[in-house]
Amino acid sequence: MLRADFDRNLKLLQDDLIELGNLVGQAITQAMDALKNRDLAASQRVVAEDDVIDQKRFELEDQCIDLIATQQPIAIDLRTLMAVLHISVELERVGDYAEGIAKVTLMMGDEPASKPLFDLPLLADKASDMLGRSLDALILRDAGAAEQVCEDDDQVDNLYKKVYRELLTDMTRDPKSIRRATYLLWVAHDLERIADRATNIAERVIFLVTGKLPGVNQS
Amino acid sequence: MVDGSAAVRAIDLSVYYGSNQVISGVNLDVARHKITAIIGPSGSGKSTLLRCFNRMNDLIPSFRMSGQVLFEGRDLYAPDVDPTEIRYQVGMVFQRPNPFPKSIFDNVAFGPRINGFHGDLEALVEQSLRRAALFDEVKDRLKSSALTLSGGQQQRLCIARALAVRPRVILMDEPCSSLDPMATLAIEELMRELSEDYSIVIVTHNMQQAARVSDFTAFLMGDEKRVAELIEFDETRQIFTNPADERTEAYITGRFG
């Protein structure tokens, strides 16, 4: 087998990317749990962990640049490296949204835990699910599964609009809730953006498998 | 992909040496004023195919072919076609620079003189050397032996020599394989310039060179009996980003060959 060393490095690169994906997935879960449980210490940990995520993203970029410079990748190898590069940036941004949710919990401070979170947990579940499936599609090189992720983004958008309306209604009904509802609106927005990033990742998987970028006609 | 105005067109072209078939059923259009690269493993018939385009294979006694090669729509192998005349119109540059042991000037003037050129020979030589991006380097020593030039300069001299007989197509068989990286880049740059006025076909085992310099890429590969087929022919960008055939992908990504 020619290029066994290069193949091994490509495999390691993908393993590192998936590891970054797992870290980011955990960050979302932990940030949401901390929000539900009013757990400030856990929120602080999510904020601190984001530095690790940022660091890993740059390490991945560095590995990609190394391989591009030394191996002159083309065809599937080039598409793999470009996909890893883009997906690592998307994941890093998802990490920032998880951090954003954790910071909201910190800002809300000692608000009682009993107050409703509307559909935010459901929104978080859906966004996390899309993120997980986009990474599964990457591992399996499954363009069909990736397309499904892109299609599911509409569901998240609709749910986000519903949460938005409910939060506005809440603010109108009880001006004392405005501060808290505004914070929750930020969380909803972060979650909606996570689903968008998952969609971007899925598009990169489609590119990796088929060589096609959305909206770019190829002969 | 390539329209009807192909400079050279191979139609169902098969080649045999004696009883051995070496190329099977190639259909390929060489686009006008574009660079077409032919890539493939060693022994995959790249040079044989290239040499069909100006009847260089005629010189091999056991050579036989079926199918057609059209040069600007004309059957290259029709009985009334003079192979010598074809080789002026379809010029060739070889792997190792092969200047004649004559002066720089006489090398370039050689073809036109044989052809009975009656115009301004000095102007033609200068123009050809300029087109080959060599004139400024040799203008003060046109009477010196061509053999005093560096390898890269000799190869550009050979290109100037081919240009002097005003070809339509230039065939290049591994033109940079004996050159260093800088001389190679100079030839590649020259090819891009020349493709504005000439149709160029280059055989190369350097895939990065094919990727850098060509507009279209043809991938040839031998089957288990070592009979070469055209596996894939497409725009170079497509071949090197998303080839359709997995054999092409395996070859260009270095997984075999």
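Whatever comes next refers back to the structure up there.
Residues numbered from 1 in each chain as written. Chains lettered and ligands numbered in written order. Predicted model: local features only at pLDDT ≥ 70, side-chain atom pairs only at ≥ 80, totals over all residues. Heavy atoms only, no water.

1. Regarding the overall build of chain A
Then comes step 1: Of the regular secondary structure elements, chain A holds 6 helices and 0 strands.
Then comes step 2: Ordering the α and β elements of chain A from the N terminus gives α-α-α-α-α-α.
Then comes step 3: If you line up chain A on its principal axes, its C-alpha atoms span 65 × 35 × 20 Å.
Then comes step 4: In chain A, buried positions account for 47% of the 219 residues.
Then comes step 5: Looking at chain A alone, contacts between residues at least 24 apart form 85% of all its contacts between residues at least 6 apart.
Then comes step 6: If you sum the accessible surface of chain A, you get close to 10,500 Å²; carbon and sulfur atoms cover 53% of it.
Then comes step 7: Taking the 26 positively charged and 40 negatively charged side chains of chain A as two groups, their mean positions are separated by 4 Å. (Helix = DSSP H or I, 4+ residues; strand = E, 2+ residues; numbered from the N terminus. Buried < 20%, exposed > 50% of the residue type's maximum accessible area, 1.4 Å probe, protein only. Contact = heavy atoms within 4.5 Å. Areas by Shrake-Rupley, 256 points an atom, 1.4 Å probe, with all protein chains shown as cover. Lys, Arg positive; Asp, Glu negative; His and termini not counted. Charge placed at Lys NZ, Arg CZ, Asp CG, Glu CD.)

2. Description of the interface of chain B and chain A
Then comes step 1: In this complex, chain B contributes 15 residues to the contact, which on the side of chain A involves 16 residues.
Then comes step 2: At the boundary of chain B with chain A, total buried surface from both sides reaches about 1,300 Å², with 44% on carbon and sulfur atoms.
Then comes step 3: It is Asn242, Thr253 and Arg255 of chain B in chain B that bury the most area against chain A; as a group they hold 40% of the surface buried on that side.
Then comes step 4: We note a salt bridge from Arg255 of chain B to Asp77 of chain A, for which the minimum N-O separation is 2.4 Å.
Then comes step 5: The tally of links from chain B across to chain A stands at 8 residue pairs in polar contact (both at pLDDT 80 or more).
Then comes step 6: Elements with a minimum of two residues in the side of chain B that touches chain A: α9 (236–241) and α10 (246–252) of chain B.
Then comes step 7: Of all the elements, α9 of chain B adds the most residues to the side of chain B that touches chain A, at 4 residues. (Buried area = accessible area lost by both parts, 1.4 Å probe. Salt bridge = Lys/Arg side-chain N within 4 Å of Asp/Glu carboxyl O. Polar contact = N/O pair within 3.5 Å; in protein donor to acceptor, adjacent residues only side chain to side chain.)

3. Things to note about the pairing of strand β3 (residues 35–39) of chain B
Two faces, one strand: in a regular strand the side chains alternate between the faces of the sheet.
Residue and element names in this part refer to chain B.
Then comes step 1: Judged by how many residues are buried, β3 sits mostly within the fold: 5 of 5 residues are covered.
Then comes step 2: Neither face of β3 is open: one carries Ile35, Ala37 and Ile39, the other Thr36 and Ile38, and all of them are buried.
Then comes step 3: Pairing of β3 with strand β8 (residues 199–203), which is carried by 4 bridges, proceeds in the parallel orientation. Pairing of Ile38 across the sheet is with Val203, part of β8.
Then comes step 4: Across 4 bridges, the pairing between β3 and strand β9 (residues 216–222) is parallel. For Ile39, the partnering residue across the bridge sits in β9 and is Phe219. (Pairing = 2+ DSSP bridges.)

4. Re helix α6 (residues 178–210) of chain A
Then comes step 1: For α6 of chain A, with 33 residues, the first-to-last C-alpha span of 48 Å sits near the 48 Å given by 1.5 Å per residue.
Then comes step 2: One or two steps after α6 of chain A, the chain reaches Gly211 of chain A, where phi turns positive at roughly 80°. (Expected span 1.5 Å × (residues − 1).)

5. Considering the pattern of salt bridges
Then comes step 1: Taken as a whole and assessed by the stated rule, the structure comprises 29 salt bridges over all chains.
Then comes step 2: Across the pair Asp15 of chain A and Lys11 of chain A runs a salt bridge whose closest N-O atoms are separated by 3.0 Å. Of this pair, Asp15 of chain A and Lys11 of chain A are both found in helix α1 (residues 4–37), 4 residues apart, which corresponds to roughly one turn of the helix.
Then comes step 3: In this structure, Arg212 of chain B engages Glu188 of chain B in a salt bridge whose closest nitrogen and oxygen atoms are separated by 2.7 Å.

6. Regarding the packing of aromatic side chains
One pair of aromatic rings is described through two measures. These are the centre distance and the angle between the planes.
Residue and element names in this part refer to chain B.
Then comes step 1: One pass over the full model with this rule turns up 6 aromatic pairs over all chains.
Then comes step 2: Centre to centre, the rings of Phe219 and Tyr251 are 5.0 Å apart; their planes meet at 20°, and the pair counts as stacked. Residue Phe219 is located in strand β9, and its partner Tyr251 is located in helix α10; the two are separated by 32 residues in the primary sequence. Just as Phe219 is buried, Tyr251 falls in that class too.
Then comes step 3: The positively charged end of Arg64 is found above the aromatic ring belonging to Tyr16, 4.3 Å away from the centroid.
Then comes step 4: Lying over the aromatic face of Phe105, Lys143 brings its terminal NZ or CZ to 4.5 Å of the ring centre. (Phe/Tyr/Trp six-rings, centres within 6.5 Å; stacked < 30°, edge-to-face > 60°. Lys NZ or Arg CZ within 6 Å of the ring centre and 35° of its normal.)

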